[in-house]
Amino acid sequence: MEITAYFKSVIDQDRAAVVICNLRHEIIYMNNSAKERYKKYGDIVGKNLLDCHNPKSCEMIRRVVEWFGADKSHNIMFTTHNERENKDVYMVALRDENGDLIGYYEKHEYRDPEANEPYNFT
């Protein structure tokens, strides 16, 4: 099996929405959680992420991507805390095998403790 299938599965199994963009801000992939979360916008794969945000957010997205590009050690940026969903949101750089910036994605880290019991097979 090709290694990319494993990486795709990691993203697809995440319960948090994952939207991956290239450096032109085009949405190139959405996992199932993202498709469900943003379904009111229809199929937005191939669309420009900046078209989905207000001017202030677009400016901040551009600035973060510029910061990612300025240094290979610039790889994650905290962007906001969503009080209603009790989560922190980050932008994360995507780099190729040489460390060159190729895109980015948004990462959601929920702060609520897991409600399931450990190893609950029911």
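This report concerns the structure included in the present document. For clarity, every value in this text was computed on a predicted model and none was experimentally measured. (Residues numbered from 1 in each chain as written. Predicted model: local features only at pLDDT ≥ 70, side-chain atom pairs only at ≥ 80, totals over all residues. Heavy atoms only, no water.)

With respect to a nonpolar patch on the surface
Right, on to step 1. Side chains of Met1, Ile3, Tyr6 and Phe7 sit close together on the surface and give an oily, nonpolar patch of about 530 Å² of accessible area.
Right, on to step 2. Judged by its relative accessible area of 79%, Met1 is exposed. (Patch = residues over 30% accessible without salt bridge, like charges linked within 9 Å, V, L, I, M, F, W, Y side chains within 5 Å. Areas by Shrake-Rupley, 256 points an atom, 1.4 Å probe, with all protein chains shown as cover. Salt bridge = Lys/Arg side-chain N within 4 Å of Asp/Glu carboxyl O. Buried < 20%, exposed > 50% of the residue type's maximum accessible area, 1.4 Å probe, protein only.)

Looking at the state of the cysteines
Note on terminology: disulfide describes a covalent bond linking the sulfur atoms of two cysteines.
Right, on to step 1. Under the defined criterion, the tally for this structure stands at 0 disulfides.
Right, on to step 2. Between Cys21, a free cysteine, and Cys52, which holds the nearest cysteine sulfur, the sulfur-to-sulfur gap is 8.7 Å.
Right, on to step 3. Assessed through its relative accessible area of 38%, Cys52 is described here as partly exposed. (Disulfide = S-S within 2.5 Å.)

Looking at the packing of aromatic side chains
Right, on to step 1. Summed over all chains, the structure comprises 2 aromatic pairs.
Right, on to step 2. Measuring from ring centre to ring centre gives 5.8 Å for Trp67 and Phe68, while their planes differ by 45 degrees; the resulting arrangement is tilted.
Right, on to step 3. Note on Trp67: relative accessible area 29%, which makes it partly exposed.
Right, on to step 4. Ring plane angle 65 degrees and centroid distance 5.6 Å describe the contact between Phe78 and Tyr90, whose orientation is recorded as edge-to-face. With Phe78 in strand 3 (residues 76–82) and Tyr90 in strand 4 (residues 87–95), this pair connects stretches of sequence that are 12 residues apart.
Right, on to step 5. Using a relative accessible area of 45% as the deciding quantity, one classes Phe78 as partly exposed.
Right, on to step 6. On the accessibility criterion, Tyr90 (16% relative accessible area) is buried. (Phe/Tyr/Trp six-rings, centres within 6.5 Å; stacked < 30°, edge-to-face > 60°. Helix = DSSP H or I, 4+ residues; strand = E, 2+ residues; numbered from the N terminus.)

Some points on the layout of surface pockets
Right, on to step 1. Roughly 790 Å³ of volume is contained in the largest pocket.
Right, on to step 2. Considering the residues around the largest pocket, the lining is formed by 31 residues, among which Leu49, His53, Ile61, Val89 and Glu106 are closest to the centre.
Right, on to step 3. Counting residues per element, the ones that place at least two in the lining of the largest pocket are strand 1 (19–22), helix 3 (55–70), strand 3, strand 4 and strand 5 (101–110).
Right, on to step 4. Tallying contributions element by element places helix 3 first for the lining of the largest pocket, with 7 residues.
Right, on to step 5. A per-class count over the lining of the largest pocket returns 20 nonpolar, 6 polar and 5 charged. (1 Å grid on protein atoms, 1.4 Å probe; cavity = no way out; pocket = protein on both sides within 12 Å on 5 of 7 lines; lining within 4 Å. Points joined across faces, edges and corners; volume = space filled by probe spheres on them. Nonpolar A, V, L, I, M, F, W, Y, C, P; charged D, E, K, R; others polar.)

Regarding the sheet that holds strand 3
Right, on to step 1. With antiparallel pairing, 5 strands are arranged side by side in an open sheet as 2-1-5-4-3. Of all strands in the sheet, those bounded by a partner on one side alone are strand 2 (27–30) and strand 3. Geometrically, the sheet is characterised by an average inter-axis angle of 20 degrees between neighbouring strands, direction not taken into account.
Right, on to step 2. Pairing geometry for strand 1 and strand 5, over 3 bridges, is antiparallel. Among the inter-strand pairings, Cys21 is bridged to a residue of strand 5, identified as Tyr104.
Right, on to step 3. Across the face of the sheet, helix 3 comes into contact with strand 3, strand 4 and strand 5 while running at roughly 45 degrees to strand 4. (Pairing = 2+ DSSP bridges. Axes fitted to C-alpha atoms, helices over the stretch in contact; angles between N-to-C directions. Contact = heavy atoms within 4.5 Å.)

Remarks on the environment of Met60
Right, on to step 1. With respect to the helices, strands and loops of the structure, Met60 is situated in helix 3.
Right, on to step 2. Along the chain, Met60 and Thr79 lie 19 residues apart, while their C-alpha atoms are 8.8 Å from each other.

So, to be careful, I would describe these as geometric facts and stop short of saying anything about function.
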